[in-house]
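Spelled out, the chains give:
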Amino acid sequence: SIVCGSGCRVFLRQLLDNSKKERKMMGKKIRITGFVLLALVQLLIPARMIWEQEHILKKGTEYKFKTAPVDPNDPFRGKYITLSYEASSFNVANEMVWEYGQTIYVVLTTDQKGFAKIASITSEVPEGTEAYVEGSVLFVTRNGSNQVTIGYPFDRFYMEESKAQPAEITYRNSQRDTTTTTYALVRVKNGKAVLKDVLIDGVPIKELVGKERTGND
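Throughout this document, residue positions are counted from 1 along each chain, in the order its sequence is written. For this predicted model, a pLDDT threshold of at least 70 governs which residues receive local features, and a threshold of 80 or more governs which side-chain atom pairs are given and counted, while totals over whole chains, interfaces and linings are taken from all residues. Side-chain measures here rest on the full set of heavy atoms in the structure, leaving out hydrogens and waters.

A. Broad picture of the overall build of the protein chain. Under the DSSP-based scheme used, a helix requires at least four consecutive residues in state H or I and a strand at least two consecutive residues in state E, with every element numbered from the N terminus. Looking only at helices and strands, one finds three helices and eleven strands in the protein chain. Helices and strands in the protein chain line up, N terminus first, as α-β-β-β-β-β-β-β-β-α-β-β-β-α. A simple rule labels every residue: compare its accessible area, found with a 1.4 Å probe on the protein chains alone, to the largest value its type can have, and call it buried under 20%, exposed over 50%, or partly exposed in between. The 217 residues of the protein chain split such that 33% are buried. The protein chains shown are the only cover counted for residues, whose accessible areas, like all others here, come from Shrake-Rupley with a 1.4 Å probe. Taken as a whole, the protein chain presents about 14,500 Å² of accessible surface, with 54% of it coming from carbon and sulfur.

B. Just the pattern of salt bridges, in detail. Each reported salt bridge corresponds to a side-chain nitrogen of Lys or Arg within 4 Å of a carboxyl oxygen of Asp or Glu. Enumeration according to the criterion identifies four salt bridges in this entry. The network of salt bridges with common partners includes E62, R187 and K196.

C. Structural view of the sheet that holds strand β5 (residues 116-122). At least two DSSP bridges between two strands are required for those strands to pair. Strand order in the open sheet formed by five strands is β3-β7-β6-β4-β5, and the pairing between neighbours is antiparallel. Looking at strand neighbours, the two that pair on one side only are β3 (89-91) and β5, the edges of this open sheet. Strand-to-strand twist across the sheet, computed as the mean angle between neighbouring axes with direction ignored, equals 45°. The pairing of strand β4 (residues 103-110) with β5 spans six bridges and is antiparallel. Counterpart to V106 in the pairing with β5 is I121. Angles run from 0 to 180 degrees between N-to-C directions of axes, and those axes are lines fitted to C-alpha atoms, restricted for helices to the stretch in contact.

Such coordinate-based values are descriptive only and should not be taken to indicate function.
Printed below as a string of structure tokens:
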């Protein structure tokens, strides 16, 4: 048998203590590294989103989506304008293959006045064209009309809170006035879309609100 004296026991205790310290230091380093990586990911994700939006705004194809009247009972939001569009429904051959919440791809074209209209919809990414936007099925009419109602990802136009509610009022008034034309400028690239602006008779709504506020001062 091996006999360990007092010096040996001291050495073993020191070795054990050093091992514990090294494990603590290693655990601390791992936690710090994990925290740093998590912080980088949290920074990179919004940075990536901002870059993608800017890229679409610069390189995407611009479409004018004519807006549709809003529900008068819809409450004011105070931070953004809720938008609905005329080009938001499409007649299909077989309504049974579509269901609520389903991801769809809307192939776009334009009418004689230059406003966006739907050429077709598909459940798969279209090939041979970049003129499409990803959306979702909001409603399927199964009473013989075979109509699919589409939800777009650009149905909210955010503004400064001080201007948002006046802009909502201006927008709703424009929707009730049949002599005005209100539309959204949307940039589209490879299925992704960014809402650029909302215009009433060709004038950005922010400018109209600014003029109205100046006139009331």
